[in-house]
Amino acid sequence: VLALLLVQGVDRTKPPTLPPPPALKLPAVRTATLPNGLELAVVEIHKVPVVDVSLVLDAGAVRDPANLPGLATFTGTMLQQGAGRRSALDIADETAFLGAQLSSSAGYDVATVSLHVPRRRLAAALDLLADVVLRPTFPDSEVTRQRELRRTQLLQQRDEPVQVANVAFPAIVYGAAHPYGR
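Attention here is on the structure that accompanies the text. The shown structure was predicted, so the numbers you read here are calculated from the model rather than taken from an experiment.

What about the pairing of strand β7 (residues 111-118)?
Part 1 of the reasoning: The sheet contact formed by strand β3 (residues 50-57) and β7 spans 8 bridges and is antiparallel. By the bridge assignment, Val-53 is partnered in β7 with Leu-115.
Part 2 of the reasoning: As paired strands, strand β6 (residues 101-106) and β7 are joined by 6 bridges and run antiparallel to one another. Bridged to Ala-106 within β7 is Ala-111.

Structural data, given as structure tokens:
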């Protein structure tokens, strides 16, 4: 047995000696607070000519009223369904034309709107982002369409054990009175 442990000059009866871990080199983070109170954090990495913008708001599902579960996630979805003078199709078309990716969502604790865009298209993409965040229109036709999609998704999730567990576990752990349990 010892012969097998010493195969190719490696003593497998002792753990190997590890070198120290390499130094972690993180880029500098510049922070500022804008006059409107918005906290800004900027990390510059110029290896690739793209810009990522994430707006993170303290507006997640824990703030849903007890009688309106799903309000934050529904609102997050609706942000891209019409904003300013743009329809849902206009937003999708402009996002594609800019070579950008735009997403909006809400989790338990935060709502997020994210933008990934080539640097040369940043100004136009920020205009689009501003419309989505500041001027959503919540058109009735899109509310109805998204409500039906959500209803169908909820029905489909009932047939998936993992999805059922994702709902049941927090309800058991936190209880119905706590926002995480709802």
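So, the sheet that holds β7
Part 1 of the reasoning: An order of β3-β7-β6 is seen for the 3 strands of this open sheet, with the pairing classed as antiparallel. Edge positions in the sheet fall to β3 and β6, since each of these pairs with one other strand and no more. When the angles between neighbouring strand axes are averaged without regard to direction, this sheet yields 10°.

So, the packing of aromatic side chains
Here the distance between the centres and the angle between the planes together describe a pair of aromatic rings.
Part 1 of the reasoning: Inspection of the entire model under this criterion finds 2 aromatic pairs.
Part 2 of the reasoning: Here the aromatic rings of Tyr-108 and Tyr-180 are separated by 5.1 Å at their centres, their planes lie at 40°, and the arrangement is tilted. Residue Tyr-108 is found in the loop between β6 and β7, and its partner Tyr-180 is found in the segment after α6 (161-174); the two are separated by 72 residues along the sequence.
Part 3 of the reasoning: Considering the side-chain rings of Tyr-174 and Tyr-180, the 5.1 Å spacing of their centres and the 80° angle between planes classify their relative orientation as edge-to-face.
Part 4 of the reasoning: Its relative accessible area of 42% is what places Tyr-174 among the partly exposed residues.
Part 5 of the reasoning: Put simply, the rings of Tyr-108, Tyr-174 and Tyr-180 touch in pairs and so form one group of aromatic residues.
Part 6 of the reasoning: Note that Arg-121 overlies the ring of Phe-97, its terminal NZ or CZ placed 5.2 Å from the centroid.

Cut-off values and rules
Residues numbered from 1 in each chain as written. Predicted model: local features only at pLDDT ≥ 70, side-chain atom pairs only at ≥ 80, totals over all residues. Heavy atoms only, no water. Pairing = 2+ DSSP bridges. Helix = DSSP H or I, 4+ residues; strand = E, 2+ residues; numbered from the N terminus. Axes fitted to C-alpha atoms, helices over the stretch in contact; angles between N-to-C directions. Phe/Tyr/Trp six-rings, centres within 6.5 Å; stacked < 30°, edge-to-face > 60°. Buried < 20%, exposed > 50% of the residue type's maximum accessible area, 1.4 Å probe, protein only. Lys NZ or Arg CZ within 6 Å of the ring centre and 35° of its normal.

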